[in-house]
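Next come the chains, spelled out residue by residue.
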Amino acid sequence: MSENLTERLCISIENNEVMQSTDLSAFIQGVASRSIPVNEIEMWLRCVHTHGVSVEETTSLTKGMMNSGAVLNWQGLDNVVDKHSTGGVGDKMSLILAPALAACGLRVPMLAGRGLGHTGGTIDKLESIPGFNCNLTPVQMQEAVKKVGCCIAAQNDAIAPADGLLYAIRDVTNTVDSIPLITASIVSKKAAEGLNALVLDVKCGKAAFMKTEHEAIDLAKSMVETSKGLGINTVAQITDMNEPIGSHIGNALEVLGSVHVLQGQGADDTRDLVALQGGQLLELTGRASNHEEGVKMIHEVLENGKALRCFIEMCVQQGTNRKIAEELATLPEQVLPKAKHVTALFSPGTGYVESIDAMALAEVARELGAGRFEMSDTINHGIGYVLIANKNTYLMEGQEWISVHHDLDLSPQHLKKLHQALQINSEQSADFQRLIRIIT
Ligand code: URA
């Protein structure tokens, strides 16, 4: 039976004809219930990967995947929002954004992932907080959001279960890099959160999955159109991912960097990127009359402590002892895991920082235990970096530019790669612009 169904779908794709929507939804239900054999799923994935499918079919596919599991219901509320980032280095935005938006009166039922390849994952970062539980059921997510305004939970099989299997098979069949498949995978999980508005941070550059602006724009357009096709007010921001984001990189270190921003301090570019994303969502939901006002509202809750308070309540709601959550908010270094060694690296010359190669830093950190090579690998949460310099900082020869937090010894190869990651120049470069363009 399923053989005929899969064949019909593949023939339509190969002949550039529209897949029957009843066939497509039966196929997705079959994937979710595990009744379609893996070899047939592989055949269909290869077909989509090779020939592509239209935006309308991507939307039907996404809808089918969204409906393959629980869909959160907010009973008519119009302020339910989220953000998705395609992944970067030092990208700790979710940890700050979710409580900041909650402090502005929005509801954020955020589903997040673990580290993928060289990029860090929000769930791995949160799991460096003692007691923090990311394994929430859909009912627990709704309760948490009703109580504190936001939650951050790990993707699980209750929501969009078809994606779990499809993603695993894409991984082993080299069919991950297909715009319709990436779109359906990401948007189906976000749509199942029952959102009114979504902001997408589509990164491009050396340390992003999309290396060129052109590729990032194609993915952004596909995701925006599909998400809007499902009734979610969506905007994508294309951002530069060549330079690391902020001063802290690594799991526990990014929690530390996030707490600094929530305390009204921390790295300026981190705060600005959170405000850019949050401002967009406040505008999309009509809570701000324009983007500028939305940006101002985010800065306000970061400065007046309201976002930090929501962060503490989110930690408590998700299992962290209140005393520890309060301490995390005041003296985060005392609560978070630390690496055994901290090694300072020094500038080889005098001049302006021209670039810091985010990809090189990420690759070394992964080898030192901050990321995984196999799904079964365990993360060492204390590993990472604190950057003392960023693009256009003026450094003197011998001045420290980065501290490396590590347990394993740094090999000569690691040190060489880290030293080469810093480029300095006698001339100052143009100001670094993280935001490249907006796709509506
Ligand atoms: N993240 C996802 O969840 N799915 C993809 O396909 C790629 C990144």
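## Section: the state of the cysteines
Right, on to step 1. Summed over the entire model, instances satisfying the criterion amount to zero disulfides.
Right, on to step 2. Free cysteine Cys 150: the closest other cysteine sulfur is in Cys 310, separated by 6.0 Å.
Right, on to step 3. The thiol of Cys 315 is not disulfide-bonded; the next cysteine sulfur, from Cys 150, is found 9.1 Å away.
Right, on to step 4. Judged by its relative accessible area of 1%, Cys 315 falls in the buried class.

## Examining the site of the ligand
Right, on to step 1. Around the ligand, a shell composed of Tyr 167, Arg 170, Ile 182, Ser 185, Ile 186 and Lys 189 is seen.
Right, on to step 2. For the ligand, an oxygen atom lies 2.9 Å from a polar atom in the side chain of Arg 170.
Right, on to step 3. Between an oxygen atom of the ligand and a side-chain N or O atom of Lys 189, the distance comes to 2.6 Å.
Right, on to step 4. Considered on its own, the ligand offers 230 Å² of accessible surface; in the complex 82% of this is hidden by protein.
Right, on to step 5. The set of elements that each furnish at least two residues to the shell around the ligand consists of helix H8 (161–173) and helix H9 (179–191).

## Section: the environment of Tyr 167
Right, on to step 1. Here Tyr 167 lies in helix H8.
Right, on to step 2. The exposure class assigned to Tyr 167 is partly exposed, which follows from its relative accessible area of 24%.
Right, on to step 3. Separated by 257 residues in the primary sequence, Tyr 167 and Ile 424 have C-alpha atoms spaced 41 Å apart.
Right, on to step 4. Not counting residues within four places of it along the chain, the set of residues in contact with Tyr 167 comprises Leu 116, Val 176 and Ser 185.

## Thoughts on the sheet that holds strand E8 (residues 351–356)
Right, on to step 1. The strand order E10-E8-E12 describes an open sheet built from three strands, whose pairing is antiparallel. Either end of the sheet is taken by a strand with one partner, and the two such strands are strand E10 (394–395) and strand E12 (422–425).
Right, on to step 2. The pairing of E8 with E10 spans two bridges and is antiparallel. When the sheet's bridge partners are listed, Gly 351 is paired in E10 with Leu 395.
Right, on to step 3. Along the sheet, helix H18 (residues 412–421) contacts E8 and E12; its crossing angle with E12, the most-contacted strand, is approximately 35 degrees.

## Digging into the sheet that holds strand E9 (residues 384–387)
Right, on to step 1. Read from one edge to the other, the open sheet built from four strands follows the order E6-E9-E11-E7, with strand pairing classed as antiparallel. Looking at the sheet topology across the chains shown, the edges are occupied by strand E6 (248–250) and strand E7 (341–346). With direction set aside, neighbouring strand axes in the sheet form an average angle of 15 degrees.
Right, on to step 2. Sheet strands touched by helix H17 (residues 358–370): E6, E9 and strand E11 (400–406). Its angle to E9, the strand with the most contacts, is close to 140 degrees.

## Description of unusual backbone geometry
Right, on to step 1. Notably, Asn 16 is not glycine yet its phi reads approximately 60 degrees, a positive angle.
Right, on to step 2. A relative accessible area of 72% means that Asn 16 is categorised as exposed.

## Some details on the domain arrangement of the chain
Right, on to step 1. Its domain assignment divides the chain into domain 1 (2–53), domain 2 (81–330) and domain 3 (341–425).
Right, on to step 2. Taking only C-alpha atoms into account, the centre of domain 2 sits 25 Å from that of domain 3.
Right, on to step 3. The interface of domain 2 with domain 3 comprises 22 residues on the first partner and 21 residues on the second.
Right, on to step 4. For the pair domain 2 and domain 3, the two sides together bury roughly 1700 Å², of which 59% comes from carbon and sulfur.
Right, on to step 5. At the boundary of domain 2 with domain 3, the tally comes to one salt bridge.
Right, on to step 6. For the salt bridge of Arg 372 with Asp 124, the shortest nitrogen-to-oxygen distance reads 2.9 Å.
Right, on to step 7. Inspection of the region where domain 2 meets domain 3 yields nine residue pairs in polar contact (both at pLDDT 80 or more).
Right, on to step 8. Elements supplying a minimum of two residues to the side of domain 2 that touches domain 3: E6 and helix H11 (251–262).

## Remarks on the packing of aromatic side chains
Right, on to step 1. For the structure shown, the criterion picks out two aromatic pairs.
Right, on to step 2. Relative to Trp 44, the ring of Phe 27 lies with its centre 4.8 Å away and its plane at 40 degrees, an arrangement referred to as tilted. A residue pair is termed long-range when its members are at least 10 positions apart, and Phe 27 in helix H2 (residues 21–32) and Trp 44 in helix H3 (residues 38–51) qualify at 17 residues.
Right, on to step 3. On the basis of relative accessibility, which here comes to 0%, the residue Phe 27 falls in the buried class.
Right, on to step 4. With centroids separated by 5.0 Å and ring planes inclined at 65 degrees, the aromatic side chains of Tyr 352 and Tyr 394 adopt a geometry described as edge-to-face. Of this pair, Tyr 352 sits in strand E8 while Tyr 394 sits in strand E10, and the two are 42 residues apart along the sequence.
Right, on to step 5. Note on Tyr 352: relative accessible area 22%, which makes it partly exposed.

The rules behind these values
Residues numbered from 1 in each chain as written. Predicted model: local features only at pLDDT ≥ 70, side-chain atom pairs only at ≥ 80, totals over all residues. Heavy atoms only, no water. Disulfide = S-S within 2.5 Å. Buried < 20%, exposed > 50% of the residue type's maximum accessible area, 1.4 Å probe, protein only. Near = heavy atom within 4 Å. Polar contact = N/O pair within 3.5 Å; in protein donor to acceptor, adjacent residues only side chain to side chain. Areas by Shrake-Rupley, 256 points an atom, 1.4 Å probe, with all protein chains shown as cover. Helix = DSSP H or I, 4+ residues; strand = E, 2+ residues; numbered from the N terminus. Contact = heavy atoms within 4.5 Å. Pairing = 2+ DSSP bridges. Axes fitted to C-alpha atoms, helices over the stretch in contact; angles between N-to-C directions. Domains from an automatic or database assignment. Buried area = accessible area lost by both parts, 1.4 Å probe. Salt bridge = Lys/Arg side-chain N within 4 Å of Asp/Glu carboxyl O. Phe/Tyr/Trp six-rings, centres within 6.5 Å; stacked < 30°, edge-to-face > 60°.

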